[in-house]
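This is what each chain is made of:
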Amino acid sequence: MTEFYSGVHKAFVSVDCIIFGFEDNKLKLLLGKRQMDPGRGEWALYGGFVGTDESVDEAAHRVLCELTGLKNLYMKQVHTFGAIDRDPGERVISVAYCALINVKDYDESLLQEHGVQWVELNKIPQLYSDHNEMVNRAISMLRRRISTEPLSFNLLPDLFTLTQLQHVYEAVLGGEIDKRNFRKRIKSIDFIEKTELIDKLTSKRGAALYRFNKRMYEEDPSFKL
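As the structure is a prediction and not an experimental result, all values here were calculated from the model.

### Side note on the packing of aromatic side chains
We describe a pair of aromatic rings using the distance from one ring centre to the other and the angle between the two ring planes.
Step number 1: As enumerated under the stated definition, the model contains eight aromatic pairs in all.
Step number 2: Aromatic pair F153 and F160: ring centres 5.5 Å apart, planes at 40 degrees, arrangement tilted.
Step number 3: On the basis of relative accessible area, F160 is assigned to the buried category, the value being 1%.
Step number 4: Judged by its relative accessible area of 10%, F153 falls in the buried class.
Step number 5: Between the NZ or CZ atom of R34 and the centre of the ring of Y128, over which it lies, the distance is 3.9 Å.

### Let's talk about a nonpolar patch on the surface
Step number 1: A contiguous nonpolar surface patch, about 390 Å² in accessible area, is contributed by F4, Y5 and V8.
Step number 2: With respect to the helices, strands and loops of the structure, V8 is situated in the segment before β1 (12–23).

### What to know about the pattern of salt bridges
Step number 1: Scanning all chains against the criterion turns up eleven salt bridges.
Step number 2: Measuring nitrogen to oxygen at the nearest pair gives 3.4 Å for the salt bridge that ties D37 to R40.
Step number 3: The exposed category is assigned to R40, whose relative accessible area is 51%.
Step number 4: Residues E149 and R145 are paired through a salt bridge, measuring 3.5 Å at the closest nitrogen-oxygen approach.
Step number 5: Counted as one network, the salt bridges with shared partners bring together E23, D24 and K28.

### Topic: unusual backbone geometry
Step number 1: With an omega of -5 degrees, the peptide bond between D37 and P38 qualifies as cis.
Step number 2: Residue Y5 is not a glycine yet carries a positive backbone phi of 60 degrees.
Step number 3: A relative accessible area of 66% places Y5 in the exposed class.
Step number 4: In this structure, N25 takes a positive phi of about 65 degrees despite not being glycine.

### Regarding the pairing of strand β2 (residues 26–33)
When a strand is regular, its side chains alternate between the sheet's two faces.
Step number 1: Burial runs high along β2: six of the eight residues are buried.
Step number 2: Note that β1 and β2 share four bridges and pair antiparallel. Each bridged residue has a counterpart across the sheet, and for E23 the counterpart in β2 is K26.
Step number 3: Hairpin connection from β1 to β2: two residues lie between these consecutive antiparallel strands, with D24 at a positive phi of about 55 degrees.
Step number 4: Direction of pairing for β2 relative to strand β7 (residues 116–120): antiparallel, over a ladder of five bridges. Along β7, the bridge assignment pairs K28 with E120.
Step number 5: Two elements, β2 and strand β3 (residues 43–44), share two bridges in a ladder whose sense is antiparallel.

Rules behind the numbers
- Residues numbered from 1 in each chain as written.
- Predicted model: local features only at pLDDT ≥ 70, side-chain atom pairs only at ≥ 80, totals over all residues.
- Heavy atoms only, no water.
- Phe/Tyr/Trp six-rings, centres within 6.5 Å; stacked < 30°, edge-to-face > 60°.
- Buried < 20%, exposed > 50% of the residue type's maximum accessible area, 1.4 Å probe, protein only.
- Lys NZ or Arg CZ within 6 Å of the ring centre and 35° of its normal.
- Patch = residues over 30% accessible without salt bridge, like charges linked within 9 Å, V, L, I, M, F, W, Y side chains within 5 Å.
- Areas by Shrake-Rupley, 256 points an atom, 1.4 Å probe, with all protein chains shown as cover.
- Salt bridge = Lys/Arg side-chain N within 4 Å of Asp/Glu carboxyl O.
- Helix = DSSP H or I, 4+ residues; strand = E, 2+ residues; numbered from the N terminus.
- Pairing = 2+ DSSP bridges.

Shown next, in the form of structure tokens:
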């Protein structure tokens, strides 16, 4: 500590992670019960305080890795929440981050270890403090970006069918989209590659499997659906 800013009120800085997953054709959110006061036992997002030796982004990556065991996930800052009375314990400013993961990549043993579970978007309970507002802002951000960024591939396995991809879009946008127009548009996008493989597990007739070519996208990121 230094002698600077000695007369200024100090505030805590935290990060909260809004983690979305896709399962059973539904967009889901990872939630748990708070393990500390104030608000112990209330439903909440998973988060933590920013350490003295880390940046806000580093803190978010740390918290996300602790919870999921996964690295290099899609993560974007959503908004900074700093209302004076947002936390009844102390003056806490929280930076919310949105992350997207494929549920199949998540080790289910971590659910029990951290006391969290996947909750469907239309079944989200009242959350601690302003966490519901954080979730709503994150969903709005995804809906704005899904047509201009390849977000959906973060929610899918490496190989997927066009039906699975369409279901992701519908889950994020909150409504059905026209199947014919969707497939026509998808098939015109170079970085969504059709493979020689066939899905016989989720499709009775056998559906072609596709994959996202990240290198090709980075060479020409002018994506819009």
